[in-house]
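Letter by letter, the chains look like this.
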Amino acid sequence: MEPTYRIELYDVCKNFGEVQSLSNVDFKLGQNEVVGLLGDNGAGKSTLIKILTGYHQPSSGELFVDGKKIESLTVPLARSLGIETVYQERALAEQQTLWRNIFLGRELRTPYGLLDVKRMKTETSNLMIKSMGFTSSAVSPESTIETFSGGEKQGVAIVRALYFDAEIIILDEPTMGLSLKETRKLLDFVRHIKDAGKSAVFIDHNIFHVYSVADRVVVLDRGKVAGEFRTSDITLDDLMEKMYLVAETGSLD
Amino acid sequence: MSSEIKELSDGDEIPKPPKEPFKMKNFVRKNVTQLGMIFVFFGIWLFFILAAPKTFLSPQIYYAFMSTTPLFAIMALPLTMVIIAGEMDLSFSSIMAIGMVAFVFIFEPTGNVGLAVIAALAAGIAAGIMNGGLVVGIGIPSLVATIGTQFFLRGLALVLLDGKGATLVATKETFVYQILVGKTIGKIPNQFWWSIAVAILCWIILNRTRLGAHIYLIGDNEKSARLMGVNVNRTRMAVFIMMGFASALAGVLASLQVSFFWPSLGEGYLLSTLASVFLGGTSVFGGTGTILGTFLGSYIIGAINAGIVAIGLTGFWTELIYGFIIVASVSMHVILQRRIK
């Protein structure tokens, strides 16, 4: 039987020295669910994300993936569990070639343990044509990332997340710096995740973006969960009203 | 390939991959640094032949050249990896000496050269672990940490041997000696083959292993590397250990070659090794650099060294010229980078 939730966090706290970034956060991500994470700057969105991806370890609290308790989640472990992330920072190495960035941290190897450079280049070439929409001959797997536009870089980060059979995709402010057209493509892409039966956590400043793709919205404020809503139960106007209220008073009521 | 990747294509027809025809222009643009180096290499060679034809048209200088250049080439090659990783190691000249102290400590009581070589290499690895530990464990910037260990290890070598040298004449005629610093076909010094072996090994590590891929990544963008699960600390540790190992090897070759060990061994190598790496086009900021560039760089530096003496300039000139090469090649690289952006 499949577990109800792909990811569960209970009572998670995260301190950075004196600063408490998250306090007693409960968070769940269901099967085939897209959860939007909203909150002002410094609400703890990025910290929460980095706990889900194994980059930060929580100071206290419990974490379950597919119903199994995970004691210490690291980035490689998260990836092996099918959690892929498109970071706000994009996590690219700009002076390196496209193929090196696609396989960053998970380079393909031959049976002898050496890098399978040829296969990585071919796979990159295929991905470029099928998924990234790069057809100009100016871009090749050997191009360095610093020559790409903002949207192209985001494309690389997304395609990379998908290449490795992601089951849970985390998108941290993916629309930042994108043009209108690129943003629309990105939102379509989030809907595709849902149609493909996968789950996603979607973080964005823009409440319109989040509302239009998420099944459920979780509002964070000053390191705490201020509330959550099913998007089918609340209108966009009401949600915006609540967000202002949270920003001013720290509470939804 | 997973299904959702196809969905991303929005049902477009999938065009054939654009097969890039070979264009001389693209080839030149991609390999501009290496081609430039080869050009410089032959340019300098031609200059020396014209300036000192007697010396540079006789084979002797090339044999001499093949025995001295490998000593710093062997260190410049792994140093390239250290610098690509965004780190620096200035302690290698002292690691040469500390490795040889271990060599002498084993060789004098046992007379076993093979065991002594192993001891020297182990001491080099230990020194690398110390450098890596200071940088990774304690978090000292590597430039400062390795200036510290440079003096510390030099001091240690002097203290342990009471500032005195040790004769290694007894190593001659042994098999290990022949392998390391003997001659092939009675002419070509084996050090030359060792520098090629180290270059090939470094090339494989840097270009064909995960460690090498991660060296480029952590030097380019450490944060990205961490976010994508690269073990940054382990990679850093590895570059310092490789550097320590190679420095000890260079120390062994340098000492066996002259059958004597001075505790001041290595003091002349700092400049030529650094100059080889930077002349080879490695970025001082990390993230880019090639083994071939450094290999060619070290042989250009070696040629300049031989040439300066051959055309009758004093040894003081070498320091001036190496210093100039370091500053000029780093500046050039920075300016070129800025123009690309």
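Report on the accompanying structure. (Residues numbered from 1 in each chain as written. Chains lettered and ligands numbered in written order. Predicted model: local features only at pLDDT ≥ 70, side-chain atom pairs only at ≥ 80, totals over all residues. Heavy atoms only, no water.)

### Considering the overall build of chain A
Okay, step 1: Looking only at helices and strands, chain A has eight helices and 10 strands in total.
Okay, step 2: Rg of the C-alpha trace for chain A: 19 Å, near the compact-globule value of 18 Å for 253 residues, within the 12% margin.
Okay, step 3: Principal-axis analysis of the C-alpha atoms places the extent of chain A at approximately 55 × 40 × 40 Å.
Okay, step 4: Out of the 253 residues belonging to chain A, those deemed buried represent 56%.
Okay, step 5: Expressed as a percentage of contacts within chain A between residues at least 6 apart in sequence, the contacts between residues at least 24 apart total 64%.
Okay, step 6: As displayed, chain A offers around 11,000 Å² of accessible surface, 49% of which is attributable to carbon and sulfur atoms.
Okay, step 7: Side-chain charges in chain A split into 29 positive and 36 negative, and the spacing between the mean points of these groups amounts to 7 Å. (Helix = DSSP H or I, 4+ residues; strand = E, 2+ residues; numbered from the N terminus. Rg over C-alpha atoms; globule rule 2.2 N^0.38 Å. Buried < 20%, exposed > 50% of the residue type's maximum accessible area, 1.4 Å probe, protein only. Contact = heavy atoms within 4.5 Å. Areas by Shrake-Rupley, 256 points an atom, 1.4 Å probe, with all protein chains shown as cover. Lys, Arg positive; Asp, Glu negative; His and termini not counted. Charge placed at Lys NZ, Arg CZ, Asp CG, Glu CD.)

### Digging into helix α14 (residues 269–279) of chain B
Okay, step 1: α14(B) sits mainly inside the fold: nine of its 11 residues count as buried.
Okay, step 2: Downstream of α14(B) by a residue or two, B:G281 has a phi angle that is positive, lying close to 90 degrees.

### With respect to empty space enclosed by the protein
Okay, step 1: By the definition in use, this model includes two cavities of 30 Å³ or more.
Okay, step 2: There is about 70 Å³ of room inside the largest cavity.
Okay, step 3: As for the largest cavity, its lining consists of A:T53, A:V75, A:A78, A:R79, A:I83, A:E84, A:T85, A:Y87, B:L227 and B:M228.
Okay, step 4: Contributions of two or more residues to the lining of the largest cavity are made by α2 (75–80) and β6 (83–86) of chain A.
Okay, step 5: Among the residues making up the lining of the largest cavity, the classes are represented as six nonpolar, two polar and two charged. (1 Å grid on protein atoms, 1.4 Å probe; cavity = no way out; pocket = protein on both sides within 12 Å on 5 of 7 lines; lining within 4 Å. Points joined across faces, edges and corners; volume = space filled by probe spheres on them. Nonpolar A, V, L, I, M, F, W, Y, C, P; charged D, E, K, R; others polar.)

### Quick look at the pairing of strand β10 (residues 224–230) of chain A
All names here are of chain A.
Okay, step 1: Bridge count for strand β9 (residues 216–221) against β10 is six bridges, and the pairing is antiparallel. By the bridge assignment for β10, L220 is matched with V225.
Okay, step 2: Connecting β9 to the next strand, β10, in antiparallel fashion are two residues, including R222 with a positive phi near 45 degrees. (Pairing = 2+ DSSP bridges.)

### Examining the side chain of B:S276
All names here are of chain B.
Okay, step 1: Inspection of the secondary structure assignment puts S276 in helix α14.
Okay, step 2: Within polar-contact distance, the side chain of S276 engages the backbone oxygen of S272 at 2.7 Å.
Okay, step 3: Those residues in contact with S276 that lie beyond four places of it in its chain are F72, A76, T294, G297, S298 and I301. (Polar contact = N/O pair within 3.5 Å; in protein donor to acceptor, adjacent residues only side chain to side chain.)

### Concerning the pattern of salt bridges
All names here are of chain A.
Okay, step 1: Counted under the stated rule, the structure contains 21 salt bridges over all chains.
Okay, step 2: The shortest N-O distance in the salt bridge between R216 and E33 comes to 2.7 Å. Here R216, found in strand β9, pairs with E33, found in the loop between β2 (19–30) and β3 (34–38); they are 183 residues apart in sequence, far enough to count as distant. Here the two residues R216 and E33 agree in accessibility, since each one is buried.
Okay, step 3: Through salt bridges with shared partners, one network takes in R6, D66, E167 and K198. (Salt bridge = Lys/Arg side-chain N within 4 Å of Asp/Glu carboxyl O.)

### Quick look at the sheet that holds strand β4 (residues 60–65) of chain A
Residues and elements named next belong to chain A.
Okay, step 1: Judged by pairing direction, the sheet is antiparallel, and its four strands sit side by side in the order β2-β1-β4-β5 without closing on themselves. Bordering the open sheet on either side are β2 and β5 (68–69), each of which pairs with just one other strand.
Okay, step 2: Pairing of β4 with β5, which is carried by two bridges, proceeds in the antiparallel orientation. Residue pairing in the sheet places F64 in a bridge with K69 of β5.

### Quick look at helix α6 (residues 180–195) of chain A
Every α-helical turn comprises 3.6 residues, leaving residues that sit three or four positions apart pointing alike.
All names here are of chain A.
Okay, step 1: Over its 16 residues, α6 extends 23 Å from the first C-alpha to the last, a length consistent with the 22 Å expected when each residue adds 1.5 Å.
Okay, step 2: Buried within α6 we find T183, L186, L187, F189, V190 and I193. Angular distribution of buried residues about the axis of α6 spans 150 degrees; they occupy a single face of the element. Set apart from the buried face of α6 by more than 90 degrees, the exposed residues are L180, K181, R184 and D195.
Okay, step 3: Of the surrounding elements, those touching the buried residues of α6 are β3, α5 (150–163), β7 (168–172), β8 (199–203) and α7 (207–213).
Okay, step 4: Immediately beyond the C-terminal end of α6, within one or two residues, lies G197, with a positive phi of roughly 85 degrees. (Expected span 1.5 Å × (residues − 1). Arc of directions from axis to C-beta.)

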